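# Chains, contacts and geometry: an overview
The chain contents come next:
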Amino acid sequence: MFGATVALPLIVTPAMCVYDNTLAQSYVICTVLFTSGIVTLLQSTFGCRLPIVQGPTYAFLSPIFAILSLPKWTCPPYEDVQSWTPEERDELWMSRIREIQGAVICASLFEVAIGLSGLVGFLLQYIGPLAIAPTISLIGLSLFGAASGFAAKEWWTAIFTIVLIAVFSQYLRNIDMPCWSYSRAEGWKRSTLPIFKLFPVIMAIGIVWTTCAILTATGALPTEPTEHGYWARTDTKLDVLSTAPWFRVPYPFQWGLPTVSTAGVFGILAGFLASIIESIGDYYACARLSGAPSPPSHAINRGITVEGIGCIIDGIWGSATGTTSYSENIGAIGITKVPQYTRF
């Protein structure tokens, strides 16, 4: 979940002309994490009341990229931006994120209206696995361009990570790691932890990063950005640690007042439809693995309503995207068998 939450801002910000401004990227990531926590609290308390995590939705990526590809928002050449002042460079990406903010806020009203009207409950008789599965697949396929763009900087590192994830999640998933715990009543007690089921992605990233850190420290990787292997170094973005503040609390309209355009609003609406269908499937899966009864239509209507309110919060705070239900923690519930839900 954490990886998916952090990855989306890293995918979106280059299209907003952030370039190499890692400090701006850290501000957007901070905002996404902040709003995701708020919306998760609202969803689990007042929405569908299931142990489901809310986070930035990838269904908005295609509409966002379509909006930012318009001639008005085309990024200027990087060489020209180098001569600009810091204030001008900040305004370059802030104007684009304000356009996304306005589109998300206005389009969110559509999702809130759908949830409050009870229309989702009526549509449930037509939304089944044959509608949900292709929708989620198309959302994943839309990320191919962004994923290949990042991987192209250092293919061997990307391939190494993919191979490790496949090995951990598919071939070692049934191997449990032994661990011990101590209590006064029972003393030392041996148990097992399905570490390869729970953390295949985190473990793969940790191993690859550690390998790259060793290669960086020993000087095995080049120091020039134009040389092959430079982007595998682990010290290319260390400057953000010295420039970023220790504490920063995101606040409403921190990038300025949002701007609204008809094209932007209608583009984001398409993302909302996909996000709603995906969330309905997540509600049923989460309820089943949690041992709860199938969520009634009024619980699903509340969940969609809260998601719409959450997207309004995302737009007000400027997270550069909307929010949706995450399926990652649903898989964790299926493995750990540790759910918690409130009656619908």
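Residues numbered from 1 in each chain as written. Predicted model: local features only at pLDDT ≥ 70, side-chain atom pairs only at ≥ 80, totals over all residues. Heavy atoms only, no water.

### Section: the overall build of the protein
For the protein, the helix and strand inventory stands at 15 helices and four strands. Taken against the 2.2 N^0.38 rule, which gives 20 Å for 344 residues, the C-alpha radius of gyration of the protein at 22 Å falls within 12% of a compact globule. Taken along its principal axes, the extent of the C-alpha atoms in the protein is 60 × 55 × 40 Å. Counting every position in the protein, which comprises 344 residues, the buried fraction comes to 42%. Across the protein, every contact between residues at least 6 apart in sequence was considered, and the portion connecting residues at least 24 apart equals 77%. (Helix = DSSP H or I, 4+ residues; strand = E, 2+ residues; numbered from the N terminus. Rg over C-alpha atoms; globule rule 2.2 N^0.38 Å. Buried < 20%, exposed > 50% of the residue type's maximum accessible area, 1.4 Å probe, protein only. Contact = heavy atoms within 4.5 Å.)

### Remarks on unusual backbone geometry
Of note in this structure, F253 is not a glycine but carries a positive phi near 55°. Looking at where F253 falls in the secondary structure, it is placed in the loop between α12 (239–243) and α13 (262–290). Unusually for a residue other than glycine, A320 sits at a positive phi of about 70°. Here A320 lies in the loop between α14 (297–317) and β4 (323–325). Using a relative accessible area of 5% as the deciding quantity, one classes A320 as buried.

### Considerations on empty space enclosed by the protein
One pass over the full model with this rule turns up two cavities of 30 Å³ or more. By volume, the largest cavity amounts to about 40 Å³. Taken together, the elements giving at least two residues each to the lining of the largest cavity come down to α2 (22–46) and β1 (54–56). Ranked by residue count, the leading element in the lining of the largest cavity is α2, at four residues. A volume near 30 Å³ is recorded for the second largest cavity. (1 Å grid on protein atoms, 1.4 Å probe; cavity = no way out; pocket = protein on both sides within 12 Å on 5 of 7 lines; lining within 4 Å. Points joined across faces, edges and corners; volume = space filled by probe spheres on them.)

### A few points about the packing of aromatic side chains
Evaluation of the coordinates by the stated rule reveals six aromatic pairs. When the ring of Y19 is compared with that of Y78, the centres are 5.3 Å apart and the planes differ by 55°; the resulting orientation is tilted. Of this pair, Y19 sits in the loop between α1 (2–12) and α2 while Y78 is found in helix α4 (residues 78–81), placing the two residues 59 residues apart along the sequence. Note on Y19: relative accessible area 24%, which makes it partly exposed. Here F168 and F196 contribute two aromatic rings whose centre-to-centre distance is 5.4 Å and whose plane-to-plane angle is 40°, an arrangement assigned as tilted. Here F196 lies in helix α10 (residues 195–198) and F168 lies in helix α9 (residues 155–171), a separation of 28 residues in the sequence. (Phe/Tyr/Trp six-rings, centres within 6.5 Å; stacked < 30°, edge-to-face > 60°.)

### Focus: the state of the cysteines
What makes a disulfide is a covalent bond joining the sulfur atoms belonging to two cysteines. Summed over the entire model, instances satisfying the criterion amount to one disulfide. In this model C17 forms its disulfide with C75; the gap between the sulfur atoms is 2.0 Å. In this structure, the disulfide formed by C17 and C75 twists by about -95° around the S-S bond and is classed as left-handed. Highlighted residues: C17 in the loop between α1 and α2 and C75 in the loop between α3 (61–68) and α4, separated in sequence by 58 residues. (Disulfide = S-S within 2.5 Å.)

### Observations regarding the pairing of strand β2 (residues 177–183)
Note that β2 and strand β3 (residues 187–193) share seven bridges and pair antiparallel. Bridge pairing in β3 links C179 to S191. (Pairing = 2+ DSSP bridges.)

### Quick notes on a nonpolar patch on the surface
A contiguous nonpolar patch, built from L119, F122, L123 and Y126 and spanning about 410 Å² of accessible area, is present on the exposed surface. Classification of F122 as partly exposed rests on a relative accessible area of 48%. (Patch = residues over 30% accessible without salt bridge, like charges linked within 9 Å, V, L, I, M, F, W, Y side chains within 5 Å. Areas by Shrake-Rupley, 256 points an atom, 1.4 Å probe, with all protein chains shown as cover. Salt bridge = Lys/Arg side-chain N within 4 Å of Asp/Glu carboxyl O.)

### Some points on α13
With 29 residues, α13 should reach 42 Å at 1.5 Å per residue; the first-to-last C-alpha distance of 41 Å fits that figure. Positive backbone phi, at 80°, marks G291, one or two positions downstream of α13. (Expected span 1.5 Å × (residues − 1).)

### Let's talk about the environment of C75
Judged by its relative accessible area of 28%, C75 falls in the partly exposed class. A sequence separation of 115 residues divides C75 from R190, and the C-alpha atoms of the two residues are 57 Å apart. Look past the residues within four positions of C75 in its chain and what remains in contact with it is P14, A15, M16, C17, Y19 and R96.

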